[in-house]
Amino acid sequence: MADNSVATPSLIELKNYAPPPYLVDLVDLTFKLDPATTEVKARLSMQRNPAGQGGPLRLEGRKLDLKSINLNGKDLAEGVDYTRDAEALTILNPPADGRIVINSVVEIHPDKNSELEGLYVSSNNFCTQCEAQGFRKITYFPDRPDVMARYTVTLIAPTDYPVLLSNGNKIGEGDLGDGTHFARWEDPFPKPSYLFALVAGTLTATRDSFTTRSGRKVALEIWTVAVDADKTDYAMDSLKRSMTWDEEVYGLEYDLDTFMIVAVSDFNMGAMENKGLNVFNTKYVLARPDTATDGDYQGIEAVIAHEYFHNWTGNRVTCRDWFQLSLKEGLTVFRDQEFSSDMNSAAVKRISDVRGLRAVQFPEDAGPMAHPVRPASYIEINNFYTPTVYNKGAEVVRMYQTLLGKDGFRKGMDLYFQRHDGQAVTCDDFRAAMADANGADLSQFERWYDQAGTPTVEVSQEWDAGAGVLSLTFKQSCAASPGQSEKRPYHIPFALGLIGTDGADLPVRLENEGPVDAGTRVLDLREASQTFRFTGFKDRPTPSLLRGFSAPVKLVSDLKADDLAFLAAHDSDSFARWEAGQTLAAQHLLQLAADWRAGRVLTLSPAVVEAMRLTLVDKSLDQAFIALSLALPAESYLAELVSEIDIEAIVEARNFARRTLGAELQKELRAAYQAGKSDEAFAPTADQAGKRALKNAALDLLCAAGDAQALDEAAAQYRAQANMTDVLAALGCLVDTDRRDRVEALADFEKRWKHDTLVMDKWFTLQALSRRSDTLAEVRKLLSHPSFDAKNPNKLRSLVGAFTSGNRQYFHAGDGSGYRFLAEQVVATDKVNKQLAARLVLPLGPWRRFDKQRQDLMRAALEQIKGTEGLSKDVYEIVSKSLG
Ligand code: ARG
Ligand code: ZN
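The model shown is predicted, which means the values in this text are computed figures rather than measured ones.

Visitor: Even after reading the chapter, I still don't get the overall build of the chain, so can you show me in this structure?
Guide: Check the secondary structure of the chain and you find 26 helices and 32 strands. Taken over C-alpha atoms, the radius of gyration comes to 28 Å for the chain, in line with the 29 Å a tight globule of 884 residues would show. Considering only C-alpha atoms, the chain reaches an extent of 90 × 70 × 60 Å along its principal axes. Burial statistics for the chain: of 884 residues in total, 59% are counted as buried. Considering only contacts in the chain between residues 6 or more positions apart, those separated by 24 or more positions represent 70%. In the structure as shown, the chain presents an accessible area of about 33,500 Å², 50% of it carried by carbon and sulfur atoms. When the 101 positive and 123 negative side-chain charges of the chain are each reduced to one mean point, those points stand 1 Å apart.

Visitor: Just checking my understanding: could you explain the coordination of the zinc ion (ligand 2) for this structure?
Guide: For a metal with four tetrahedral donors the ideal donor-metal-donor angle is 109.5 degrees, while six octahedral donors give ideal angles of 90 or 180 degrees. Donor atoms from the polypeptide that bind the zinc ion (ligand 2) are His306 (NE2), His310 (NE2), Glu329 (OE) and Glu329 (OE), placed at 1.9 to 2.7 Å. Of note, the zinc ion (ligand 2) draws all its donor residues from one chain, in the sequence arrangement H-x3-H-x18-E. With histidine 306 in helix α2 (residues 294–309) and glutamate 329 in helix α3 (residues 325–343), this residue pair connects regions lying 23 residues apart in the sequence. Of the residues examined, glutamate 329 reaches a relative accessible area of 1% and is grouped as buried.

Visitor: Even after reading the chapter, I still don't get the sheet that holds strand β12 (residues 148–158), so can you show me in this structure?
Guide: Within a sheet, neighbouring strands are paired by backbone hydrogen bonds and run either parallel or antiparallel to one another. Read from one edge of the open sheet, eight strands run β6-β5-β9-β3-β2-β12-β15-β14, paired in mixed fashion. Across the chains shown, the open sheet's two edge strands, defined by having one partner strand only, are β6 (74–75) and β14 (169–175). Across 10 bridges, β12 lies against strand β15 (residues 180–192) in antiparallel orientation. Pairing of methionine 148 across the sheet is with proline 192, part of β15.

Visitor: Honestly, the packing of aromatic side chains in this entry has me stumped. Any pointers?
Guide: Aromatic ring pairs: the centre-centre distance and the angle between the two ring planes describe each pair. Taken as a whole and assessed by the stated rule, the structure comprises 38 aromatic pairs. Each ring, one from tyrosine 400 and one from phenylalanine 445, has its centre 4.6 Å from the other, and the planes form 50 degrees; the classification is tilted. Linking tyrosine 400 in helix α5 (residues 387–420) with phenylalanine 445 in the loop between α6 (427–438) and α7 (447–450), this pair joins segments that are 45 residues apart in sequence. With a relative accessible area of 0%, phenylalanine 445 lands in the buried category. Judged by centre distance (5.8 Å) and plane angle (50 degrees), the rings of phenylalanine 575 and tryptophan 578 are tilted. Here the residue phenylalanine 575 and the residue tryptophan 578 both occupy positions in helix α9 (residues 574–597), the gap between them amounting to three residues, near one helical turn. For the pair formed by phenylalanine 575 and tryptophan 578, the shared burial category is buried.

Visitor: Help me understand the pattern of salt bridges, please; the structure alone is not making it clear to me.
Guide: Note on pairing: side chains with opposite charge can pair once their charged atoms come close. The tally for this structure, following the rule as stated, stands at 82 salt bridges. Between glutamate 115 and lysine 63 there is a salt bridge whose closest N-O contact spans 3.3 Å. Placement of glutamate 115 in the loop between β9 (100–108) and β10 (118–122) and of lysine 63 in the loop between β4 (57–60) and β5 (65–71) is noted, with a sequence separation of 52 residues between them. According to the relative accessible area criterion, glutamate 115 is buried, its value standing at 7%. Overall, the relative accessible area of 40% leaves lysine 63 in the partly exposed class. One salt bridge connects aspartate 146 with arginine 144, and the closest N-O pair in it is separated by 2.7 Å. Each of Arg62, Lys63, Glu115, Glu117 and Lys137 takes part in a single network of salt bridges with overlapping partners.

Visitor: It is not clear to me how the side chain of threonine 38 should be interpreted in this structure. Could you clarify?
Guide: With respect to the element layout, threonine 38 can be found in strand β3 (residues 38–48). Taking the relative accessible area as the measure of exposure, threonine 38 reaches 0% and is therefore buried. In contact with threonine 38, not counting residues within four places along its chain, are Phe31, Lys32, Leu33, Val106, Glu107, Ile108, Pro110, Leu119 and Phe126.

Visitor: How should the UniProt feature "domain: Aminopeptidase N-like N-terminal" (unreviewed entry) in the chain be read in this particular structure?
Guide: Mapped onto the present numbering, the UniProt feature "domain: Aminopeptidase N-like N-terminal" (unreviewed entry) falls on residues 28–195. For the annotated span residues 28–195, helix accounts for 0% and strand for 54% of the residues, and the straight-line distance between the end C-alpha atoms is 15 Å.

Visitor: Honestly, the sheet that holds β4 in this entry has me stumped. Any pointers?
Guide: Read across the open sheet, the three strands follow the order β4-β8-β7; overall the sheet is antiparallel. Two strands in the sheet have a free side with no partner beyond their single neighbour: β4 and β7 (82–84). Taken over all neighbouring pairs, the strand axes of this sheet differ in orientation by 15 degrees on average, direction set aside. Direction of pairing for β4 relative to strand β8 (residues 88–91): antiparallel, over a ladder of four bridges. Directly across from leucine 59, in β8, lies its bridge partner leucine 89.

Visitor: What should I look at first to understand the UniProt feature "domain: Peptidase M1 alanyl aminopeptidase Ig-like fold" (unreviewed entry) in the chain in this one?
Guide: In this numbering, the UniProt entry assigns the feature "domain: Peptidase M1 alanyl aminopeptidase Ig-like fold" (unreviewed entry) to residues 453–556. Split by type, residues 453–556 is 0% helix and 45% strand. Its first and last C-alpha atoms lie 16 Å apart.

Visitor: I would appreciate a short explanation of helix α8 (residues 561–570) in the present structure.
Guide: An α-helical segment advances 3.6 residues per turn. Residues three or four places apart therefore align on the same side. Among the residues of α8, Leu564, Phe566, Leu567 and Ala568 are the ones counted as buried. Turning to α8, the residues buried within the fold contact β27 (492–499), β31 (542–545) and α9.

Visitor: Looking at this model, I keep getting lost on empty space enclosed by the protein. Mind explaining?
Guide: A complete count under the given rule lists five cavities of 30 Å³ or more for this structure. If you add up the space inside the largest cavity, you get close to 160 Å³. In terms of lining, the largest cavity is formed by 13 residues, of which the most central are Gly581, Gln582, Ala611, Thr615 and Ser629. Broken down by element, the residue count for the lining of the largest cavity peaks at six residues, all from α9. Its residues assigned to classes, the lining of the largest cavity shows eight nonpolar, four polar and one charged.

Visitor: It is not clear to me how the site of ligand 1 should be interpreted in this structure. Could you clarify?
Guide: Taken together, the neighbourhood of ligand 1 is formed by 15 residues, with Glu131, Glu273, Glu307, Glu329 and Tyr390 sitting nearest. Glutamate 273 places a side-chain nitrogen or oxygen 2.7 Å from a nitrogen atom of ligand 1. One nitrogen or oxygen atom from the side chain of glutamate 307 is found 2.7 Å from an oxygen atom belonging to ligand 1. Within the complex, 97% of the 350 Å² of free accessible area of ligand 1 lies under protein. Looking at the shell around ligand 1, the elements with two or more residues in it are β20 (271–272), α2 and α3. Here the shell around ligand 1 is built from residues that sort into five nonpolar, five polar and five charged.

Visitor: What am I meant to see in the pairing of strand β13 (residues 163–166) here?
Guide: Of the two faces of β13, the one holding Val163 and Leu165 and the one holding Leu164 and Ser166 are both buried throughout. By the bridge criterion, four bridges tie β13 to strand β16 (residues 198–201) in an arrangement that is antiparallel. For serine 166, the partnering residue across the bridge sits in β16 and is leucine 198.

About the thresholds
Residues numbered from 1 in each chain as written. Chains lettered and ligands numbered in written order. Predicted model: local features only at pLDDT ≥ 70, side-chain atom pairs only at ≥ 80, totals over all residues. Heavy atoms only, no water. Helix = DSSP H or I, 4+ residues; strand = E, 2+ residues; numbered from the N terminus. Rg over C-alpha atoms; globule rule 2.2 N^0.38 Å. Buried < 20%, exposed > 50% of the residue type's maximum accessible area, 1.4 Å probe, protein only. Contact = heavy atoms within 4.5 Å. Areas by Shrake-Rupley, 256 points an atom, 1.4 Å probe, with all protein chains shown as cover. Lys, Arg positive; Asp, Glu negative; His and termini not counted. Charge placed at Lys NZ, Arg CZ, Asp CG, Glu CD. Donors = N, O, S within 2.8 Å, 3.2 Å for Na, K, Ca; no water. Pairing = 2+ DSSP bridges. Phe/Tyr/Trp six-rings, centres within 6.5 Å; stacked < 30°, edge-to-face > 60°. Salt bridge = Lys/Arg side-chain N within 4 Å of Asp/Glu carboxyl O. UniProt positions renumbered as here; feature names shortened; annotations may be inferred. Axes fitted to C-alpha atoms, helices over the stretch in contact; angles between N-to-C directions. 1 Å grid on protein atoms, 1.4 Å probe; cavity = no way out; pocket = protein on both sides within 12 Å on 5 of 7 lines; lining within 4 Å. Points joined across faces, edges and corners; volume = space filled by probe spheres on them. Nonpolar A, V, L, I, M, F, W, Y, C, P; charged D, E, K, R; others polar. Near = heavy atom within 4 Å. Polar contact = N/O pair within 3.5 Å; in protein donor to acceptor, adjacent residues only side chain to side chain.

Structure, rendered in C-alpha cells:
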C-alpha cells in the first residue's frame, strides 16, 4: 500500500475540542538544508498548560526520520519513555511541573516531497507550506493553532543557495567556511506553527519601502526567480495600497521591519500568510501587460491584499482550532473584497463576487459536501478550505456590517482586537465582540455558522390600491443537508427599495411610522414567515429586492417579467439592476431548455433581447457593468435552479441564446466593439479593464453567432498582440471554430510562450474549454505536451481541472468518457499530491441531480476511485461523502 493511505480514517469533531495539555513558549530550529536529506534540530521550551487536563505529551510528526530525542538533557528510549506511530510521538510520563526542554533531531527529504506540504523543493529552491498541518512534516511538535510560540530559526545551506529567509527579522548571517553559510532569524511575535516558513535558494528581490502612519519604515521585498523580476510591479503597488487601506479603514499598521513575499511555481493553493514571509503561487504575483489579463491583475491585487490583511485577521488574532477556519478566512476575504471594491468599481466587484458565489458555493451547499461555515467534523482539514468557509464566510461577515452599519462594524473590529490580540479564538468570540460593541442581540445570528445549505427567501406582494399600502410577506426556509434534516430560521438582513412609476426610489415607510427618506432600507428577518406593510403610495410601487445581495440566500419572488424588465432599466441599486436582467434571462433560459428537450422550435424572447439592447446602448452605465449584464447566467447557476439537471438541454439552450443574441444585436454589438478599440497604452485600471471587457464581450457574442466579419476581427485582434487580455479574448473566440486561423493562432501562442510556464497555463485552459467535439481527445493529447507537468498544481488545474469543472458539455458527455477521464486522473494524482487529487473529485459530487444514465456513470467513476488500493484519506473523504 502507498504510504499516504489510511485503514479507517477517523472523524475529528468540534465537540471533542480540549485545550492543549502543554504549551510551548520558545522554539529554536536549526536546518541543515540539503534537497535529498535535510537535518532539522528542534529545541522546544514547554510547560504544562494550567488550563489543560494533563496527560501524556503528544508531539505530531509525519514521515520524519527520528535521529534523537531528549528531555531536560536526558535521552529518551522508544517503548520505554515514548511511543511512536505514523502520526505522532507520545512522551509517556513527562515531568508534572516545571519547564520541559525537548531537543530532537530528525531528517526529512524535501526533493521527494511531491505533496507540496511541509518543506519541499520548487525550481531548485526550498520552500514550505505549513497550513494547516504541514509543520508536523518538518519536526515533532504540538501542531495545533492554539499553541502559540516565539521562534528563532537558523538556516544552514551550501553557498549556492545564496538567499536564506524565515519569519521575522534577520539577526545574524555569515560564511561557515566549509562551502556553507547561515542566516539566523527571530520572530518577536508568538505564532501558531502553521505560520512558520522558510525559503532558501537563488532568488532576486524587487525592493521598495513603506512608512507606516506612526512613522516606522518597513522594507518591502518581493522574491522571484531572476527571469520573473520584471513582473512584480503590480504586486508591489498592490501591497503598498493594501497597507495604506488597512491603516485608513481599520487603523491597523504593519508590525515588523520587513515584509517579504516569495513567488513559487509549485503551490497547492493561492498563497499563504506566513508571518512576515508570505509565500505565493506565481499566478498571484507575476504580471506584465503582455503576459497577464485584467482578470489576472485583479486576482493579484485581491490576493496580495488578502495575505497582507491576514497579518491582523489570522496572525495577530488566530484560530483556536481548525473548525474556526472561517474566523480568519471569511473575515479576510470580506476585507479583501472591500479593498478591491474601494480600489475599483464597487458595483462591478459586488456583482462579480456574487456571480462567483452562485457558481461555486451554492452548488457546494446543495451537494454531498455541504457543510456549515463552521464545520462540526472533518476527516481531512485540507478538504475544508472551501467556497463555503471562504466565500459564504465572507458573506456572513458582510451581514454584520449590513446589520450594524459601517461604524458599528468598525467598533466591533476594534473591540475584537482589544480583547483578543495575541490569542487563538473562536467564531463565537468574534460574534460576541460585534454584539457587545454595539449593544446588539446577535444570538440568532449563530445559525449562519452552524447550519449548512443556502436558505430560500420567498417574497410575495399584496397591493391595496384603496389604502395605498403594499404588503410584503417574507417566507424563509432551508433544505436539509447531510446530517441536518431540520433548519431553524436565520437572522437575515434583507435590503429593500421601493420604486415609483418614474423609476425613482420612494421612501420605504412602515405603517405607523413617521416620515423616512427615499432609498434602501434593511429589514431584519428572524422568523419563518413575516409580513411588513408599507404605506404612502399613490401608485403601486415596484419592489427592488435583496439590494446589494444583502444575504447569501436564494430569492424567489412573484415579480413578473415586466417588473424585472422595469428594474433592469431603472433600479438605482446596481446589483439589483443587474440581478433583474439575470433573473429575466435565467427564467427564459430554463424555458428554452425545456423547449429543446421537448423538441420544440427555440425562439429567443423579444423581452430578453430588448432588455439587453437597452443596457448595451445606455451611455450612463459603466462599461464593465454592461459587460457583466451581457454575460448570460452560468450553466452551474442555471443547474442550481432546477431539481433534475438536464445538462444537454441547459448547454443547448444557453448556446442557442448566445448565438441568437449575437445575431439580433449585431448592429449594437459591432458599434460597442468598434467604440472599445483604443490605442491607449495598457494600464490595469478599472476604467480600461471595463472598456476591454465590454469590447471583448461584444466580440464574443458576435463570434458565437458565427459572424465571419467578427471572426476576422478576432484573428486580427490576436495578431495585433496589444495585451494579454485582448489576445486571450480573441483566441477564445477562434478556439471554438474550425478556421485555419485557429490552428495558426494556437501554434503562434505556443511558440511565443513555451518558456513562460504561467502563460502556457492559459493555452492549456483555452483548449480544455473549447466547444469543439474533439475536446477530450485534444486534452488527452495535451497531457503529453512538453510544457505539461502533472506534478505541478497550476498545470493540472489548467488542463484537467479546467476540463472537468469548466467544460460541462464534454465532461458530462452521455457516454461517460468525461467521468472515466476524471477517475483516471484522480487515481494518478493521488499518488503524487493528495490535496490536489481530492479537489479533482468534486465535479462528480452532485451525481444524484442528473438523469439516470449519468447517475450510473458518475457513481461508477466514484466507485472506481473508492476501490483503488492505498487511497489517501483526502480523496477517501470526498469520495465516500459523495457516494453517501
Ligand atoms: N491561509 C491561506 C489563505 O487563504 C490558504 C492556505 C491553505 N492551504 C492548505 N493547504 N489548505 O490565504
Ligand atoms: Zn486566507
